[in-house]
Amino acid sequence: HKPEMAIAVTPFEALCGFQRATSIVANCYACPELVELIGEDRVAALDAAATSSDDVKPALRSLYTALMTTPPHIVAEKLGDLMTRIEATVEMLRMPVDTLAQRIHAQYPGDVGVFCVY
């Protein structure tokens, strides 16, 4: 086994770790634009799997596949809706994940990956 090493030469942030499926469901429902992209049925399927003894992998795979295969023009539209909603929220009431989504969108406008922070 050969572990990899990264040394930052400029300031950076790293996202690491995994969320529980129940947390992903809660984040999806907190972002209506994301639910519109992937479909309420997929979020509900993940919720059902997460709150039972079912394997969450198929539901999570379906949800993520739907997100990543959404046509770019629809992603751009929903990202615009998301940014408008976040900007309309008083700054001190914004969720940290929303602020992160704003920053990522500023760096990578129109990128479907912005929704992955949820």
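Provided above is the structure to which this section pertains.
Reading guide: rules and limits
Residues numbered from 1 in each chain as written. Predicted model: local features only at pLDDT ≥ 70, side-chain atom pairs only at ≥ 80, totals over all residues. Heavy atoms only, no water. Helix = DSSP H or I, 4+ residues; strand = E, 2+ residues; numbered from the N terminus. Polar contact = N/O pair within 3.5 Å; in protein donor to acceptor, adjacent residues only side chain to side chain. Contact = heavy atoms within 4.5 Å.

Below, the discussion takes up the side chain of Thr70. By the element assignment, Thr70 lies in the loop between helix 4 (57–68) and helix 5 (72–88). Here the side chain of Thr70 touches Leu67 through a polar contact of 3.3 Å, landing on its backbone oxygen. What Thr70 contacts, discounting residues up to four positions off in sequence, is Leu37 and Val75.

What follows concerns the environment of Asn27. For Asn27, the location among the structural elements is in helix 1 (residues 21–29). Linking Asn27 and Ile38, residues eleven residues apart in sequence, is a C-alpha distance of 13 Å. Once residues lying within four places of it in the same chain are set aside, the contact partners of Asn27 are Gln19 and Tyr118.

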